[in-house]
Each structure stands twice: as C-alpha cells, then as structure tokens.
Amino acid sequence: MQNIRSIFLMLAGATVFVAMLLLTFSVTLAVGGILTVLMVGRALSMKMKPAPVRAKANNGKPEMRVWNDGRGTIIDL
C-alpha cells in the first residue's frame, strides 16, 4: 500500500512539474512573440517616416550677418 501511494505521489508531482514547465514555456513564447511584433512594427514605422527638411527662403539675397569682433559691431550686408 505504501508503494502504491508513493508511486501515485511521485507521478502527481511529476505531472505538476511538467504542467508548470509547459506554462512557463508558453508564456515566454507569447511575450517574446508580442515583443517581436512590436519591435518590427516600430522599425517599419520609423523607416516609412520621412526625415524633416529644414529650408529657408533665399529670395535671391544672401542673408545679413552681424557679429562683434571686440572693437565694434560688424554688419555684413
């Protein structure tokens, strides 16, 4: 009787251990899949976003420069 009870408890423990192992593995795969999808989506959205272009109207005239050389203000038209 003791042997049957010991075998039953050992099989029950092994079953619980395998169930927890499978649960951990499946949750790990699910989280990894979600993170992979999010990273791929972010990479694709960054690639499709156009880079901003900085432009100034020139109007045919060079811009005016003003600076101070220590002896006075210089205005370059």
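Reading guide: rules and limits
Residues numbered from 1 in each chain as written. Predicted model: local features only at pLDDT ≥ 70, side-chain atom pairs only at ≥ 80, totals over all residues. Heavy atoms only, no water. Helix = DSSP H or I, 4+ residues; strand = E, 2+ residues; numbered from the N terminus. Buried < 20%, exposed > 50% of the residue type's maximum accessible area, 1.4 Å probe, protein only. Areas by Shrake-Rupley, 256 points an atom, 1.4 Å probe, with all protein chains shown as cover.

- As recorded by an unreviewed UniProt entry, the chain carries the name Transmembrane protein and is attributed to Rhizobium leguminosarum.

### Regarding the overall build of the chain
Then, number 1: Scanning the chain for helices and strands turns up 1 helix and 2 strands.
Then, number 2: Going from the N terminus to the C terminus, the chain shows its helices and strands as α-β-β.
Then, number 3: Based on the C-alpha atoms only, the size of the chain along its principal axes is roughly 105 × 35 × 5 Å.
Then, number 4: The burial tally for the chain puts 0% of its 77 residues in the buried class.
Then, number 5: When the accessible surface of the chain is summed, it comes to about 7700 Å², and 71% of that surface belongs to carbon and sulfur atoms.

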